[in-house]
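Summary of structural features
Listed below, chain by chain, are the residues.
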Amino acid sequence: MVRLPLTPAEVERGQRLGALLRRARGERSMLDIALDAHVSPETLRKIESGRVATPAFPTIAAIADVLGLSLDAVWAEISRPEHDVTRERLTA
């Protein structure tokens, strides 16, 4: 199967997802979260760094569950246009 290149919007969404997961993980170790979610630490590291911009749904669902994040909240956070995220940072 040929995989099409990611669009800039998909790359940006992947970066927002990684940032969200890092914030939600807080002081907890990447290893502990990965093991609890039954994913490899390398997979979690790649998602958090944005290197895997479109991870599989079950992977995100498992990580979100371990972090106590609802999938609705994850989607709302990562699907906002960048200008909304920038505006929120400026007014916070």
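To be clear, the structure that these remarks concern was listed above.
The structure contained in this document is the topic of the report that follows. (Residues numbered from 1 in each chain as written. Predicted model: local features only at pLDDT ≥ 70, side-chain atom pairs only at ≥ 80, totals over all residues. Heavy atoms only, no water.)

Moving on: the overall build of the protein. For the protein, the helix and strand inventory stands at six helices and zero strands. Starting at the N terminus and walking to the C terminus, you meet the elements of the protein as α-α-α-α-α-α. Classification of the 92 residues of the protein by burial places 29% in the buried group. The contacts in the protein between residues at least 6 apart in sequence include a share of 64% that link residues at least 24 apart. Carbon and sulfur atoms provide 58% of the accessible area of the protein, an area that totals close to 6,100 Å². (Helix = DSSP H or I, 4+ residues; strand = E, 2+ residues; numbered from the N terminus. Buried < 20%, exposed > 50% of the residue type's maximum accessible area, 1.4 Å probe, protein only. Contact = heavy atoms within 4.5 Å. Areas by Shrake-Rupley, 256 points an atom, 1.4 Å probe, with all protein chains shown as cover.)

All right, on to the side chain of Glu48 then. The topology assignment puts Glu48 in helix α3 (residues 41-49). Engagement of the side chain of Glu48 in a polar contact is seen with the side chain of Arg25, the distance being 2.8 Å. Those residues in contact with Glu48 that lie beyond four places of it in its chain are Gly18, Ala19, Leu21, Arg22, Arg25 and Met30. (Polar contact = N/O pair within 3.5 Å; in protein donor to acceptor, adjacent residues only side chain to side chain.)

Now for the pattern of salt bridges. One pass over the full model with this rule turns up four salt bridges. With a shortest N-O distance of 2.5 Å, Glu12 and Arg16 are connected by a salt bridge. Placement of the pair is Glu12 and Arg16 together in helix α1 (residues 8-25), with a separation of four residues, close to one helical turn. With a shortest N-O distance of 2.5 Å, Glu42 and Arg45 are connected by a salt bridge. With Glu42 and Arg45 both in helix α3 and three residues apart, this pair spans about one turn of that helix. Exposure remark for Arg45: the relative accessible area of 33% places this residue in the partly exposed category. (Salt bridge = Lys/Arg side-chain N within 4 Å of Asp/Glu carboxyl O.)

Before going further, it helps to examine the environment of Leu44. By the secondary structure assignment, Leu44 is in helix α3. With a relative accessible area of 0%, Leu44 lands in the buried category.

To continue, consider the packing of helix α2 (residues 30-37) against α3. Relative to each other, α2 and α3 sit at 115 degrees, their axes nearing to 8 Å. With respect to α3, the axis of α2 lies roughly perpendicular. Every pair of crossing elements has a handedness; the one defined by α2 and α3 is right-handed. Along the contact surface, α2 presents Met30, Leu31, Ile33 and Ala34, while α3 presents Pro41, Leu44, Arg45 and Glu48. (Axes fitted to C-alpha atoms, helices over the stretch in contact; angles between N-to-C directions. Parallel < 35°, antiparallel > 145°, perpendicular 65-115°, else oblique. Left-handed = near helix turned anticlockwise from the far one by under 90°.)

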